[in-house]
Amino acid sequence: MTTRVTPETAASAPPAGTGPRTAPRPRLSPERAARVESLLSAMTREEKTAQLYGLWAGASPEGGEVAPHQHDMQAPPALDDLLPHGLGQLTRPFGTAPVDPGLGALSLLRTQARVIAGNRFGIPALAHEECLAGFAAWRATTFPVPLAWGASFDPDLVERVGAAIGASLRAVGVHQGLAPVLDVVRDLRWGRVEETIGEDPYLVGRVGAAYVRGLESAGIVATLKHFAGYSASRAGRNLAPVSMGPRERADIVLPPFEAALREGGARSVMHAYTDTDGVPSAADQALLTGVLRETWGFEGTVVADYFGVAFLQSLHHVAADRAEAAALALRAGVDVELPTVDAYGAPLLAALDAGLVDEATVDRAVRRVLRQKAELGLLDADFDPVPPALSGRGELSPEAVRGTVDLDPPEHGELSARLAAESLVLLRNAAPDGSPVLPLAAPRRIAVIGPQAGAPLAVLGCYAFPVHVGGAHPDLAPGIELPTLYEAVATEFADSDVVAVAGCGIDTGGAEGFGAALDAARGAEVVIAALGDRAGLFGRGTSGEGCDAPSLALPGVQQELLDALLDTGTPVVGVLLAGRPYALGRAADEAGALVQAFFPGQEGTRAIAALLSGRAAPSGRLPVSVPRTPDGQPGTYLRAPLAGPSDVSALDPSPAYPFGHGLAYTSFAWTDLTPATPDEVPTDGTVRLALTVTNTGGRAGTEVVQVYLHDPVASVVQPEQRLIGAVRVPLAPGASARVHVEIPADTASFTGLAGRRVVEPGALEFRLSASSADHRLRYGVRLTGPVREVGYERAWGARLTVG
């Protein structure tokens, strides 16, 4: 029997949403709450602290118990030494080494049984995994990276993806997923741009909250990261200090986390590695307790980013030893140390003895951990550690379960394909005479040229299992089908002669391979220039964690190759398979077409080929701006007036393609803007508008209606504009749709001079736009009445509905 992991095997998929929602906060039953307090009152100090750390343990490929993972930053403890006191978490049993999913589930089950039997209260461990772009396990579906989620502008689809990923996790016995990343991009050179959803807090918050709803609907604890400011590190360098004032933090960095808690119902938060103005996030009591709990009312757990507690000593130097680091983090509000026992083990007990932290603070964290385990049913008397994928079987042996759990069912592949298709952004589509180059009309000969032409991993980000873990197992098959771009194009254009030439490597120097590439280009009717990034970790790639870029020039000699292809005179269609946008030099104005694909997952190359042929229509929009020059950083559309081009600076940061940009294979008209409210609205009122969007072309297509707020005069400097709402509008040729827009006055709030969030009276302009630089319709209103203070429960963003 094969268990196909679908949302229904663990939980039902959530209904499609049409706008903001407030997720219910979980509440314990009286029986479960009483169980938590009973345990807490009976535990020794050692048993309490044991609930506050994890053990990094990889599943056994033979289905036996997990074994402590040897990591270069920490020697693993002996499991037998830990179990008598209990264990809070099991770290990445599937995401540490390749293991058959059925055997992995059996290994985790056997380990859970041992954990339960090993402590006097029978408390199971909570198992967590990475799930940034799919369950990071061998043979699990890989989805597009979060930057592609943002490009889709489709929260409802992302919610369904989250539910599918959550179903896979839950089916094999995992309880917590370390996603989504809610960092707002502030510098495109940062290596982890691929993990983010974009450069706008509204987009990040709305899409991130949708993913959280999906994950939580499957019974998985979603973990928001990285709290807060990680993406604003100086010069885009990983872990570098953050130079940010409280207003930027409050108005740009924190809102996505607010949205994911309120609208998504996330039950866990992970602290950031960085320090802001000298205070590391892991030791920031004002942030982790003051903002997160006292202001926002968060009741879940705060977990450490891996080794983050120890970093207070070893990297930040705000603690003299591990005991002091443990005390700082625990007092600030870090409840759980990950990935494995270190500072929260013997050093925390030493800190208790030395009076660096009191037992009440330990109890506070333990209570939160136990409440979360109680919510998941782990503390119930009838808790059964057998995961859904193995339930109902007679024999649970390695031979019986091997090959029986499918983490890549067709339903998940279809979701991955749809999200990949919606995330592709057509940046440019014009021959020298202005006519469109795409879709291609069955060319006789196609040359696919570039380092991504024949690279199976070109569609995957650094947290996809074949990249994240598979790199350490070079002889291992990826476990999923990963057609190259060349193969996908050859299949899509079966009647064309398709050739592939690399020309160069991703980040190699020299033009030795240019000759063959240029010969192929000259002999073709069209060139598909397959360029971009190699995902990796800590310098092993050009994109990914620890792979920060010195500039936004294409890595290696790819720009030189692209320029040489343009010089052949053969029409060039650039396809960028990358984790960040790059400046494209002449190609921004001279290429026949440009397609931006942000690591679109296992179905990505097929989606690209379908777009090139016209079998599918482009509908993605840029979640980050594409720079015009490699050194135009840091730059974001979300900027104050003086951060843009001006007469007082020789540098122009204007992008080649702005945030929100994306072309279609058809055209749209925006008409009949009609207000449903007066042009004066009180500071606690709502503005209502409607407009008509019509497909005026000959092909079906999807327009993305974006609403931007412009505040011309405010008590503190405001961005020139900011996104407050968006909706996808699919239309058949000649069809029209009415788009209704509701904008609460709260949406105009910002952090004022006194450090409190306010709505001020005065003029506002709403820009109904196809991108941040393409404003189709404008409507001005005046807010009247007193300055109004708003807080966490404020209305956030506009509501757009189609119909």
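Here is what the cut-offs are and how they apply
The written sequence of each chain sets the order in which its residues are numbered from 1. In view of the model being predicted, local features appear only for residues whose pLDDT reaches at least 70, and side-chain atom pairs are presented and counted only at 80 or more, with totals across whole chains, interfaces and linings using the full set of residues. The side-chain numbers reported here are obtained from all heavy atoms of the structure, hydrogens and water having been left aside. By the criteria applied, helices consist of DSSP H or I runs no shorter than four residues and strands consist of E runs no shorter than two, each listed in order from the N terminus. When a residue's accessible area, from a 1.4 Å probe over protein chains only, is under 20% of the maximum for its type it is buried; when over 50% it is exposed; and in between it is partly exposed. Here, two residues are considered to be in contact whenever any of their heavy atoms come within 4.5 Å of each other. Note that accessible areas follow from Shrake-Rupley with a 1.4 Å probe, and for residues the cover is restricted to the protein chains shown. All tallies of charge rest on Lys and Arg as positive and Asp and Glu as negative; His and the ends of each chain are not included. All charge positions are set by atom: Lys at NZ, Arg at CZ, Asp at CG, Glu at CD. In this scheme, strands are said to pair when DSSP sees at least two bridges between them. Here, nonpolar core means buried Ala, Val, Leu, Ile, Met, Phe, Trp, Tyr and Cys residues that are tied together by side-chain atoms lying within 4.5 Å of each other. Aromatic rings from Phe, Tyr and Trp, taking only the six-membered ring of Trp, are treated as a pair when their centres fall within 6.5 Å; an angle between ring planes under 30 degrees marks them as stacked, one over 60 as edge-to-face, and anything in between as tilted. A ring is considered to have a charge above it if a Lys NZ or an Arg CZ atom is located within 6 Å of its centre and within 35 degrees of its normal. Note on geometry: axes are lines fitted to C-alpha atoms, helical ones only across the stretch in contact, with angles between N-to-C directions running from 0 to 180 degrees. By salt bridge we mean one thing: a side-chain nitrogen of Lys or Arg within 4 Å of a carboxyl oxygen of Asp or Glu. pLDDT gives the predictor's per-residue confidence on a scale running from 0 to 100. Two helices cross in a left-handed way if the nearer one is turned anticlockwise from the farther one by less than a right angle. They cross in a right-handed way if the turn is clockwise. Amino acids outside the nonpolar list (Ala, Val, Leu, Ile, Met, Phe, Trp, Tyr, Cys, Pro) and the charged list (Asp, Glu, Lys, Arg) are all regarded as polar, and Gly is one of them. The disulfide criterion is simple: two cysteine sulfur atoms within 2.5 Å.

## Description of the overall build of the chain
Counting its regular elements, the chain contains 23 helices and 32 strands. In terms of principal-axis extent, the alpha carbons of the chain reach across some 80 × 70 × 50 Å. Out of the 803 residues in the chain, the part that is buried amounts to 64%. Relative to all contacts within the chain whose residues are 6 or more apart in sequence, the contacts with residues 24 or more apart total 81%. With an accessible surface of roughly 26,800 Å², the chain has 52% of that area assigned to carbon and sulfur atoms. Looking at charge distribution, the chain has the averaged site of its 65 positive side-chain charges lying 3 Å from that of its 90 negative ones.

## Looking at the sheet that holds strand E31 (residues 788-789)
Taking strand neighbours across the sheet as the criterion, the three strands line up as E27-E28-E31 in an open arrangement whose pairing is antiparallel. Of all strands in the sheet, those with a lone pairing partner are strand E27 (750-751) and E31, marking the two edges. Alignment of strand E28 (residues 757-759) against E31, held across two bridges, turns out to be antiparallel. Note that in E31 the partner of Val 758 across the bridge is Glu 789.

## Let's talk about the nonpolar core
Ranked by size, the top nonpolar core spans 227 residues in total, and within it Phe 227, Tyr 344, Leu 438, Val 489 and Leu 612 carry the most contacts. The greatest single-element share of this core, amounting to eight residues, is contributed by helix H13 (residues 322-332). In this structure, Leu 612 is in contact with Leu 438, Pro 439, Leu 440, Val 489, Phe 493, Ile 528, Val 573 and Tyr 665, ignoring residues within four places of it in sequence. Core analysis: the second largest hydrophobic core is formed by 33 residues, Val 693, Ile 724, Leu 777 and Val 781 among them.

## Regarding the packing of aromatic side chains
According to the stated counting rule, one finds 13 aromatic pairs in the structure shown. When the centroid spacing of 5.0 Å and the interplanar angle of 70 degrees are considered together, the rings of Phe 227 and Phe 257 count as edge-to-face. Taken together, the positions of Phe 227 in strand E7 (residues 221-227) and Phe 257 in helix H10 (residues 255-262) put the pair 30 residues apart, joining distant regions of the chain. Residue Phe 227 shares its accessibility class with Phe 257, and that shared class is buried. With a centroid separation of 5.9 Å and 85 degrees between ring planes, the pair formed by Tyr 637 and Tyr 708 is classed as edge-to-face. Here Tyr 708 lies in strand E24 (residues 701-710) and Tyr 637 lies in the loop between strand E19 (626-627) and strand E20 (655-657), a separation of 71 residues in the sequence. Taken individually, Tyr 637 and Tyr 708 each receive the classification buried, so the pair is uniform in this respect. Three or more aromatic residues joined by ring pairs make a cluster, and in this case those are Phe 153, Tyr 637, Phe 659 and Tyr 708. Sitting above the plane of the Trp 138 ring, Arg 139 keeps its charged end 4.1 Å from the centroid. Over the aromatic face of Tyr 463 sits the side chain of Lys 225, whose NZ or CZ is 5.6 Å from the ring centroid.

## Quick look at the environment of Ala 520
Take Ala 520: it is sitting in helix H20 (residues 514-522). For the pair Ala 520 and Ala 650, spaced 130 residues apart in sequence, the C-alpha to C-alpha distance is 41 Å. For Ala 520, the residues in contact, after removing those within four places along its chain, are Ala 447, Ile 449, Val 499 and Val 501.

## Description of the environment of Leu 79
Its location among the elements puts Leu 79 in helix H4 (residues 79-82). A relative accessible area of 7% means that Leu 79 is categorised as buried. Sequence-wise, Leu 79 and Ser 423 are 344 residues apart; in three dimensions their C-alpha atoms are separated by 44 Å.

## Focus: the pairing of strand E30 (residues 774-784)
When strand E22 (residues 680-682) meets E30, the two strands line up parallel, connected through three bridges. From the neighbouring strand, Pro 682 faces E30, where its bridge partner is Thr 784. The turn joining strand E29 (residues 762-771) and E30, which pair antiparallel and follow one another in sequence, is formed by two residues.

## What about the sheet that holds strand E26 (residues 736-744)?
Within a sheet, each strand pairs with its neighbour through backbone hydrogen bonds, oriented either parallel or antiparallel. Strand order in the open sheet made by the four strands is E21-E23-E26-E32, with antiparallel pairing throughout. Strands with a single pairing partner mark the edges of an open sheet, and in this sheet they are strand E21 (668-675) and strand E32 (799-802). Taken over all neighbouring pairs, the strand axes of this sheet differ in orientation by 20 degrees on average, direction set aside. The sheet contact formed by E26 and E32 spans four bridges and is antiparallel. Residue His 740 lies in a different strand from E32, and its bridge partner there is Thr 801.

## Regarding the pattern of salt bridges
For the structure shown, the criterion picks out 44 salt bridges. Among the charged side chains, a salt-bridge network with shared partners connects Asp 154, Arg 418, Glu 422 and Arg 728.

## Some remarks on the confidence of the model for the chain
Scored by pLDDT, the chain has a mean of 94; 95% of the residues are at 70 or more. In this model, residues 7-19 is a region of pLDDT below 50 whose contacts with residues beyond four sequence positions or in other chains number 32 contacts.

## Quick word on the packing of H20 against helix H21 (residues 558-567)
The interhelical angle for the contact between H20 and H21, taken along N-to-C directions, is 35 degrees, at an axis separation of 10 Å. Here the hand of the crossing between H20 and H21 comes out right-handed. Facing Phe 514, Ala 517, Leu 518 and Ala 521 of H20, the residues of H21 in contact are Glu 560, Leu 561, Ala 564 and Leu 565. Within the contact of H20 with H21, the residues separate by chemical class into seven nonpolar, no polar and one charged.

## Regarding the packing of helix H7 (residues 155-171) against helix H17 (residues 410-423)
Put simply, H7 and H17 touch, their axes get as near as 10 Å, and they point 150 degrees apart. The handedness of the crossing between H7 and H17 comes out as left-handed. Of the residues in H17, those touching H7 at Leu 157, Val 158, Arg 160, Val 161, Ala 164 and Ser 168 are His 412, Leu 415, Arg 418, Leu 419 and Glu 422. Of the residues assigned to the contact of H7 with H17, the class counts are six nonpolar, two polar and three charged.

## Considering the environment of Ala 117
With respect to the secondary-structure elements, Ala 117 resides in helix H5 (residues 101-118). Measuring from C-alpha to C-alpha, the distance between Ala 117 and Gly 86 comes to 9.4 Å, with 31 residues separating the pair along the chain.

## A closer look at the state of the cysteines
Under the defined criterion, the tally for this structure stands at zero disulfides. With no disulfide of its own, Cys 131 has Cys 462 as its nearest cysteine by sulfur position, at a separation of 14 Å. Here Cys 131 falls in the buried class, since its relative accessible area comes to 0%. With no disulfide of its own, Cys 547 lies closest to Cys 462 among cysteine sulfurs, the gap being 7.2 Å.

## Side note on helix H14 (residues 346-354)
For an α-helix the count is 3.6 residues per turn, leaving residues at separations of three or four pointing the same way. Pro 347, Leu 348, Leu 349, Ala 351 and Leu 352 are the residues of H14 that are buried. Close packing links the buried residues of H14 with helix H3 (45-50), H13 and helix H15 (359-375). Gly 355 lies just past H14 and shows a positive phi near 75 degrees.

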